[in-house]
Amino acid sequence: MLATGRRMTLNDYLPALVMFLLAVGFVAVTLPLSRLISTRGPATPEKEAPYECGILPEVEPAQRFPVKFYLVAILFVIFDVEIIFLFAWAANFPELGWFGVTTVGIFTLFVLETLLYVWRRGALDWNVRRRARRFAAASPTPQALEDAA
Amino acid sequence: MVETPEISLVAILPELALTVGAVVVLMVAVSSRRAATYLPWIAGLTVAATGAGLIAQYNDVAANGFSVSYAGMIVLDNQGIVIRTVMLAAIAVALLVGWRYVTGLGTRGGEALSLVFLSAVGFMLMASSIHFMLLFLGLEVGSISLYVLAALGQRAKRADEAAMKYFLLGSVASAIFLYGVALLYAGTGSLTYLGVFEFFSGDTLVFSDGLLSAGVALLFVGLLFKIAAAPFHSWAPDVYQGAPAGIVGYMGAAAKIGAIAALLRFVQVPFQSVIESIQVPLAAVAAFSVVLGTLYAIVQQDLRRVLAYSGVSHAGFLLMGIATGGVAEVQVLFYLATYVLVLVGAFGIVSLLEGSGSAGSPIENWKGLGRRSPFLAWSLTVFMLGMAGMPATAGFIGKFGIFTRAWSGDLEWLVIVGLLASVAAFFFYLRVVVAMFFEDGDGKTPKLGWPAGIGIGLTLVITVGLGLYPTPLLDVLTAALG
């Protein structure tokens, strides 16, 4: 263990280096190899299709997504990270006892508060126009700030 | 059962009070239509509760001496209490002078208030942390809150630019800091201050290990970035110029308090026995900051950029006191306390003149303010003289203490650089004073409300009072820290 005072040197990272070289080596060897030994026939319409067996897409995928997905993604990250902490706690639930329950309880309360806040602020509202109106009411323009001053 | 870490509520009382305040503010903001009328009460109560928490901590330390809790992560000692008190004073003055900004944000005022409290929690944790991971956590909680504060409620190009720059460069600095922590752990096998201290004092090998030196260097660079010391200051002028005037003073002050608190502990505990090795680079950064900050401030045409570059040179002066190492940090803390209050006060006046959500403040706008609003003009004059280190202001006592400390710490050349820069600094500090009193202009006439009036008045009293009669505070500090 490190705490016993042994100085860690770069040698200790040797396994990581070996792993890295292996990963690079695998790609460097297999890709050219498969190119060498594979047989190549003429291109057919089936081969050019996105899916060899499956439903062909009718239209190109949309290039621009509504920004509301961004907000949802951000909120998802917040609650997803909470789950990570809960997993660690759940795996050690019997050992942690009431200490764990209290700690995770406080933590969950904070996350719930976040949920309540974004909910009340209308961030979960799927109606983009209504949300935009709410946001406009909530965030003033520089002019409004001037007037308040 | 696993062993649970020892919990000491008294060790985190101020942070607890601020966190509860931040949560309550948010909940009230979304659950009541008349939230705006409650905000002053919540803000006042939170500040009062934090103050009460600090008093409880002081009594605890007076009775039991310093104590370590949370598995060796948090220390409760007088130095932490002093720094947190400075932080609380900065919050109180900042909220008073910037209250118009909070109310001007409308229904989002609660968010601003909550973010101010949360950033204070982060930087306060930095002051009491004795563990590098907790230090990083505090740094991030504080910094991220400040990024959001910089971007809050603005739709101006200038403000967006400032917020974006602050966020991107700040994140890079945090990453650099974290990489330093990682390398330090790889080199020493410990993340606690005490463990690193034991490693350095037990092992005769001093900084021969490249990995370790790189780690320590990155660690310091990350924090030097946060206090805007040259050559890591490039973000400061744009942010000080573009962020909302009502809150930018607090942003500058809070980040400086947190990072200086951490640097102080660095030279006290983990890197105490290798202070000789880090003294030269720290002193070089200090000298560079003082000189560069002063020279650049002279050529600025915007008061907010002047204040930003003066902040760079003040970071240099603070580093001057830190580079000497040692434990009695009275001078550094005195300097820090007086500087951040004057900074917040000066930006309060800027926000009164330019509007609390504004960006930029050209010197032209200040012409003739002496006639239009004598109180504000005289207050700004006192603040400017205080920053310059004029005798009879707290700035003089602070600079004098720092110079004495550096001189006795065998950094004579640094003192001479600092003295020369201080003399040159009078030029740019007095330029706005000249504009206010001796040049004609017909800019805006600021309206002074009572919260801003109290905030500026308080700062005035502290600046002049501590300049004329600093002995009681210095005695208290010496008794507490000695």
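Refer to the structure above for everything that follows.
To keep things clear, this report deals only with the structure shown in the data block. Fair warning: this is a prediction, and the values are worked out from it, not measured in the lab.

The packing of two helices is summarised by the inter-axis angle and the distance between the axes. Residues and elements named next belong to chain B. Helix 14 (residues 330-354) packs onto helix 11 (residues 245-268) with a crossing angle of 170° between their chain directions and a minimal axis gap of 7 Å. Here helix 11 is positioned roughly antiparallel relative to helix 14, judged by the angle of their axes. Considering the relative orientation of helix 11 and helix 14, their crossing is right-handed. Across from Ala245, Gly246, Val248, Gly249, Tyr250, Gly252, Ala253, Lys256, Ile257, Ile260 and Leu264 in helix 11, the residues of helix 14 making contact are Val332, Leu333, Leu336, Tyr339, Val340, Leu343, Val344, Phe347 and Ser351. Counted by class, the contact of helix 11 with helix 14 contains 15 nonpolar, 4 polar and 1 charged residues.

All names here are of chain B. Within the structure shown, the criterion is met by 23 aromatic pairs over all chains. Measuring from ring centre to ring centre gives 5.6 Å for Phe132 and Phe266, while their planes differ by 50°; the resulting arrangement is tilted. Of this pair, Phe132 sits in helix 6 (residues 132-151) while Phe266 is found in helix 11, placing the two residues 134 residues apart along the sequence. Phe266 carries the same exposure label as Phe132, and that label is buried. Each ring, one from Phe317 and one from Phe403, has its centre 5.8 Å from the other, and the planes form 70°; the classification is edge-to-face. With Phe317 in helix 13 (residues 303-323) and Phe403 in helix 17 (residues 394-408), this residue pair connects regions lying 86 residues apart in the sequence. In terms of burial, Phe317 and Phe403 fall into one category: buried. Taken together, the ring pairs connect Phe132, Tyr193, Phe199, Phe200, Phe220, Phe266 and Phe271 into an aromatic cluster.

Looking now at the side chain of Arg405 of chain B. Residue and element names in this part refer to chain B. Among the structural elements, Arg405 can be located in helix 17. A residue is classified by how much of its surface remains accessible, and Arg405, at 9% relative accessible area, is buried. Polar contacts involving the side chain of Arg405 include one to the side chain of Glu329, which spans 2.8 Å.

How each quantity is defined
- Residues numbered from 1 in each chain as written.
- Chains lettered and ligands numbered in written order.
- Predicted model: local features only at pLDDT ≥ 70, side-chain atom pairs only at ≥ 80, totals over all residues.
- Heavy atoms only, no water.
- Axes fitted to C-alpha atoms, helices over the stretch in contact; angles between N-to-C directions.
- Helix = DSSP H or I, 4+ residues; strand = E, 2+ residues; numbered from the N terminus.
- Parallel < 35°, antiparallel > 145°, perpendicular 65-115°, else oblique.
- Left-handed = near helix turned anticlockwise from the far one by under 90°.
- Contact = heavy atoms within 4.5 Å.
- Nonpolar A, V, L, I, M, F, W, Y, C, P; charged D, E, K, R; others polar.
- Phe/Tyr/Trp six-rings, centres within 6.5 Å; stacked < 30°, edge-to-face > 60°.
- Buried < 20%, exposed > 50% of the residue type's maximum accessible area, 1.4 Å probe, protein only.
- Polar contact = N/O pair within 3.5 Å; in protein donor to acceptor, adjacent residues only side chain to side chain.

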